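# Residue-level structural notes
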Amino acid sequence: MKALVYQGPGKMAWQDKAAPVIDKPTDAIVRITRTTICGTDLHILKGDVPTVTPGRTLGHEGVGIVESVGDGVSNFKPGDHVLISCISACGRCLNCKRQLYAHCDDGGWILGHLIDGTQAEYVRIPHADNSLHPIPEGADEEALVMLSDILPTGLEIGVLNGQVKPGDTVVIVGAGPVGMAALLTAQFYSPARLVMVDMDANRLDTARQLGATHAFNAAEGDIVERVMALTGGRGADVAIEAVGIPATFEVCQEIIAAGGHIANVGVHGTSVNLHLEKLWIRNITLTTGLVSTNTTPMLLQTVQAGTLSPGSLVTHRFALDDIEEAYRVFGDAAREKAMKVILEA
Ligand code: NAD
Ligand code: ZN
């Protein structure tokens, strides 16, 4: 088969590779029909994630058709149309029972990280019963690829950790796919104001179309002053950090209202300053974490019901064979006006 193989920092190739086979009875092999590229893939490709070693097939988002299953798989059979969770977990150990799928005692594997991923013609999914989700007849595959990672991340680590409530002022710093996922899912909870912050004018326009009540360009004025002016000096009830750099984490600490929640989603490659000396006395809660994907079944229902339309994040489509060009476009997102890039097998 063909697969996108990591070959060390800055290097990858769409090349021939042995197709995966059932290794454990709980495995399934899935033929990929659609996959996409995540910001985290770009971090990996740069070499920011040293636990990913050369030879690894990249990618952790996808949908496809079950090709074969091990003897221990009872929920799926060959021919089933499935959504793949970015994290493969048993669902039965203590950590899984606490919804910490990324910390499953028997893996907690992020696809395309410690095991081969979805940017290939075929992928092996360990713990298939808990890590695949049936796709209802007639569902929109393109929308569902967004549920492998970015939608659960925005919901679980942004909106739910941030405890968004009706009437809240929610500020989301970073209007990339993950920030947009928080924007879409925050709307389930009826906040009064949804403020998106970015420096990319095109992404801010998209944010307005997807429900942001305000879009602040960080390149055109002080964000702290603008949030304070908007809220009469009170600040944001919820600040969601969806960039992953010290400066934006700092902004979240400065804009948060008394009693507010800072939900850090961004992956930080360097240390940040935490101003506990200022936060404790204002009853601020700070959360952070790695996505679990335990909300994926609920998100599937909202997409089916039409109350969530994550397909609106797709800006570009390529044939799977053209994945290297798709990486170039996604890696130059501001100039290419790219949000999510779909690869079709
Ligand atoms: P992205 O790079 O596409 O989006 C980040 C956005 O931040 C861009 O639109 C960029 O213009 C904007 N930005 C950069 N600097 C800024 C600044 N100073 N002020 C305002 N905006 C600024 O990334 P993404 O795919 O949307 O992911 C966002 C973050 O979430 C990344 O750090 C990613 O690694 C992380 N992530 C975390 C989890 C998790 O489980 N916690 C899961 C997936 C992704
Ligand atoms: Zn991802």
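Residues numbered from 1 in each chain as written. Chains lettered and ligands numbered in written order. Predicted model: local features only at pLDDT ≥ 70, side-chain atom pairs only at ≥ 80, totals over all residues. Heavy atoms only, no water.

### Looking at the packing of helix α1 (residues 39-46) against helix α12 (residues 323-331)
With their axes 11 Å apart at the nearest point, α1 and α12 run at an angle of 105 degrees to one another. With respect to α12, the element α1 is oriented roughly perpendicular. Where α1 abuts α12, its residues Gly39, Asp41, Leu42 and Leu45 lie against Tyr327, Phe330 and Gly331. The residue inventory of the contact of α1 with α12, partitioned by class, reads 4 nonpolar, 2 polar and 1 charged. (Axes fitted to C-alpha atoms, helices over the stretch in contact; angles between N-to-C directions. Helix = DSSP H or I, 4+ residues; strand = E, 2+ residues; numbered from the N terminus. Parallel < 35°, antiparallel > 145°, perpendicular 65-115°, else oblique. Contact = heavy atoms within 4.5 Å. Nonpolar A, V, L, I, M, F, W, Y, C, P; charged D, E, K, R; others polar.)

### So, the site of ligand 1
Around ligand 1, a shell composed of 24 residues is seen, among which Asp198, Arg203, Val243, Gly289 and Val291 lie nearest. Residue Gly289 places a main-chain N or O atom 2.8 Å away from a nitrogen atom belonging to ligand 1. Elements represented by at least two residues in the shell around ligand 1 include exactly α1 and α6 (177-186). If one sorts the elements of the shell around ligand 1 by residue count, α1 sits on top with 3 residues. The residue makeup of the shell around ligand 1, split by class, is 12 nonpolar, 9 polar and 3 charged. Counting contributing residues per domain, the shell around ligand 1 is built from domain 1 (2-149 + 292-344) and domain 2 (152-287), each supplying no fewer than three. (Near = heavy atom within 4 Å. Polar contact = N/O pair within 3.5 Å; in protein donor to acceptor, adjacent residues only side chain to side chain. Domains from an automatic or database assignment.)

### Side note on the coordination of the zinc ion (ligand 2)
Perfect tetrahedral coordination of a metal by four donors corresponds to 109.5 degrees between them, and perfect octahedral coordination by six donors corresponds to 90 or 180 degrees. Only Cys38 (SG), His60 (NE2) and Asp149 (OD) from the protein coordinate the zinc ion (ligand 2), and they sit 1.7 to 2.2 Å from it. Along the chain, the residues donating to the zinc ion (ligand 2) are arranged with the sequence spacing C-x21-H-x88-D. Here the residue Cys38 occupies a position in the loop between β3 (28-36) and α1, and His60 occupies one in the loop between α1 and β4 (62-69), the gap between them amounting to 22 residues. For the pair formed by Cys38 and His60, the shared burial category is buried. (Donors = N, O, S within 2.8 Å, 3.2 Å for Na, K, Ca; no water. Buried < 20%, exposed > 50% of the residue type's maximum accessible area, 1.4 Å probe, protein only.)

### What about the state of the cysteines?
Enumeration over the complete set of coordinates arrives at 0 disulfides. The structure places no disulfide on Cys90, whose sulfur is separated from the nearest cysteine sulfur, that of Cys104, by 3.7 Å. In this structure Cys93 is a free cysteine whose sulfur lies 3.8 Å from that of Cys96, the closest cysteine sulfur available. Here Cys93 falls in the buried class, since its relative accessible area comes to 12%. (Disulfide = S-S within 2.5 Å.)

### Overview of the pairing of strand β13 (residues 236-241)
Counted residue by residue, β13 has 6 buried out of 6 residues, so it is predominantly covered. In this sheet, β13 lies alongside strand β10 (residues 169-173) in parallel orientation, the contact comprising 4 bridges. When the bridges of β13 are listed, Val173 appears paired with Glu241. Taken together, β13, helix α9 (residues 246-255) and strand β14 (residues 256-264) form a β-α-β motif whose crossover is right-handed. (Pairing = 2+ DSSP bridges. Right-handed = clockwise from strand over helix to strand, strands pointing away.)

### Section: the UniProt feature "domain: Enoyl reductase (ER)" (unreviewed entry) in the chain
With numbering matched to this structure, UniProt assigns "domain: Enoyl reductase (ER)" (unreviewed entry) to residues 8-343. Helix makes up 29% of residues 8-343 and strand makes up 24%, while its end C-alpha atoms are separated by 23 Å. (UniProt positions renumbered as here; feature names shortened; annotations may be inferred.)

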